[in-house]
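Fold and contact review
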Amino acid sequence: SYFNTGIAGLAVELRVRSDPGRRCFTVATTQLSWEPAKSDAYAWQMHKFLSVVFQFAGPRILLCGDLNSLPGAQPYQFLSQG
């Protein structure tokens, strides 16, 4: 299938032990597919990844990883402009 290009992602919530339930943040990382002709496919991957992360994440998120996106590409625009 066109959108079956492979995606890996991981998100963990980190909490301060001495202050459980109050201060926490989520670290999320992903490896998006790199196929220049399928920029809409990896924009879709970014959307799906973030929708899952936002379901479980706390109020603070650190996003990192290999997004395989250049300024002006769809995934970059999705992150920078919403």
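As the structure is a computational prediction, the values presented were derived from the model and not from experiment. (Residues numbered from 1 in each chain as written. Predicted model: local features only at pLDDT ≥ 70, side-chain atom pairs only at ≥ 80, totals over all residues. Heavy atoms only, no water.)

**A word on the nonpolar core**
Across soluble globular proteins, you tend to see nonpolar side chains buried next to one another. Rules: Nonpolar cores were defined as sets of buried Ala, Val, Leu, Ile, Met, Phe, Trp, Tyr and Cys residues, with membership established by side-chain atoms within 4.5 Å. Whether a residue is buried, partly exposed or exposed follows from its accessible area with a 1.4 Å probe, protein chains only, as a fraction of its type maximum: under 20%, in between, or over 50%, in that order. Numbering of helices and strands runs from the N terminus, with a helix taken as a DSSP run of H or I at least four residues long and a strand as a DSSP run of E at least two residues long. For this analysis, residues touch if any pair of their heavy atoms sits within 4.5 Å.
Counting residues in hydrophobic clusters, the biggest one holds eight residues: A28, L32, Y42, M46, F49, L50, V53 and A57. At five residues, helix 1 (residues 39-56) tops the list of elements feeding residues into this core. If sequence neighbours within four positions are ignored, Y42 has contacts with L32, S33, W34, E35, L67, N68 and P75.

**Things to note about the sheet that holds strand 2 (residues 24-31)**
Counted only if it meets this: In short, DSSP must find at least two bridges between two strands for them to pair. Fitting a line to C-alpha atoms yields each axis, with helices limited to the stretch in contact; the angle taken between N-to-C directions then spans 0 to 180 degrees.
With mixed pairing, the three strands of this open sheet are ordered in space as 1-2-3. Bordering the open sheet on either side are strand 1 (8-15) and strand 3 (61-66), each of which pairs with just one other strand. Neighbour-to-neighbour, the strand axes of this sheet turn through a mean angle of 15°, independent of strand direction. In the sheet, strand 2 pairs with strand 3 via six bridges, with the strands oriented parallel. Bridge pairing links A28 to L63 in strand 3.

**Details of the pattern of salt bridges**
Selection rule: Salt bridges are identified by distance alone: a Lys or Arg side-chain nitrogen within 4 Å of an Asp or Glu carboxyl oxygen.
According to the stated counting rule, one finds one salt bridge in the structure shown. In this structure, E13 and R15 form a salt bridge, with 2.6 Å as the shortest nitrogen-oxygen distance. We classify E13 as partly exposed; its relative accessible area is 32%. A residue is classified by how much of its surface remains accessible, and R15, at 46% relative accessible area, is partly exposed.

**Description of the side chain of T26**
With respect to the helices and strands, T26 occurs in strand 2. With a relative accessible area of 3%, T26 lands in the buried category. With residues near it in sequence (within four places) discarded, T26 still touches A11, V12, E13, A57, G58, R60, I61 and L62.

**A look at the confidence of the model for the protein**
Test applied: Confidence of the prediction at every residue is given by pLDDT, a number between 0 and 100.
Per-residue confidence for the protein gives a mean pLDDT of 77; residues scoring 70 or more make up 87%. Per-residue pLDDT, averaged within each element of the protein, yields its smallest value for helix 2 (residues 74-81) (75) and its largest for strand 2 (87).

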